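Listed below are the residues making up each chain.
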Amino acid sequence: AAIKKNLKEQEEATSLRSRENADFMAESAETKEAVAAMQQAITALGEGTSLMQLPAKSRTLVQGVLDSLPSGAKVKPEHISLLSEFSTTTSEGKYAPQSATIQGILSDMYTTFATDLEEAVRDEASANRKFEDYIYTKQVEHKDFRDTKQQKEENKAEAETMLADTTQAFDDAQRQKEEDIEFFDQTKKDCSAKNEEWVVRKEMRGQ
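Residues numbered from 1 in each chain as written. Predicted model: local features only at pLDDT ≥ 70, side-chain atom pairs only at ≥ 80, totals over all residues. Heavy atoms only, no water.

1. Let's talk about the environment of Glu124
Thought 1: Tracing the chain through its elements places Glu124 in helix α4 (residues 99–206).
Thought 2: Relative accessible area serves as the criterion here: at 11%, Glu124 is assigned to the buried category.
Thought 3: Taking the C-alpha atoms as reference points, Glu124 and Glu20, separated by 104 residues in sequence, lie 8.5 Å from one another.
Thought 4: Here Glu124 is in contact with Arg17, Glu20, Asn21 and Phe24, once residues within four sequence places are set aside. (Helix = DSSP H or I, 4+ residues; strand = E, 2+ residues; numbered from the N terminus. Buried < 20%, exposed > 50% of the residue type's maximum accessible area, 1.4 Å probe, protein only. Contact = heavy atoms within 4.5 Å.)

Next up, the structure:
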């Protein structure tokens, strides 16, 4: 029962760790994609010749940032609105909002996302280490259980052999006892008969 419980706990822990790792891999992939898109957009904005006129590429890259944001990303709604407005603004006339504002927003987002990604990587490494330690402990425990089970099975086999030998010895002793009782009873009977004969002979001699 202990072995089965141990294996079940290992299986459950492994299944949970696999799901957590799959979630981490998916989230980190999305975050890396978003961070890369931000980096490209920030670089493109920094290459602009003026705040009045920027390459259309920068608008496309900002839109790429919006498209790559993970569904659960914590970004201020007003920042999303400004980025969306910037990415859809035509190349004629003054940009609204200013590219410097957009660059600042993207820089802040880049720093936040990069920091969150690093923290997520550390958390994943820590979770994986704890999982490996847990599994190692369970495997050691499992080996101990198996060794104990094997020892108990060997003890059981020895006990069964001893029981068989002892049972046979008991049966032999019981049979010998019955034979001895029968012999004793017969001897007692014979002795009684001889004693009666002796009494009769003694009386006859006396007469």
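2. As for the confidence of the model for the chain
Any region with low pLDDT has predicted coordinates that should not be read closely.
Thought 1: The predicted model of the chain averages 88 in pLDDT, with 91% of residues at 70 or higher.
Thought 2: With pLDDT under 50 throughout, residues 49–53 is counted as low confidence; its partners more than four residues away or in other chains account for 10 contacts. (pLDDT = per-residue confidence, 0-100.)

3. Some remarks on a negative patch on the surface
Thought 1: A grouping of Glu178, Glu179, Asp180, Glu182 and Asp185 is seen on the molecular surface, where their side chains present a negatively charged patch.
Thought 2: Here Glu178 falls in the partly exposed class, since its relative accessible area comes to 47%. (Patch = residues over 30% accessible without salt bridge, like charges linked within 9 Å, V, L, I, M, F, W, Y side chains within 5 Å. Areas by Shrake-Rupley, 256 points an atom, 1.4 Å probe, with all protein chains shown as cover. Salt bridge = Lys/Arg side-chain N within 4 Å of Asp/Glu carboxyl O. Lys, Arg positive; Asp, Glu negative; His and termini not counted. Charge placed at Lys NZ, Arg CZ, Asp CG, Glu CD.)

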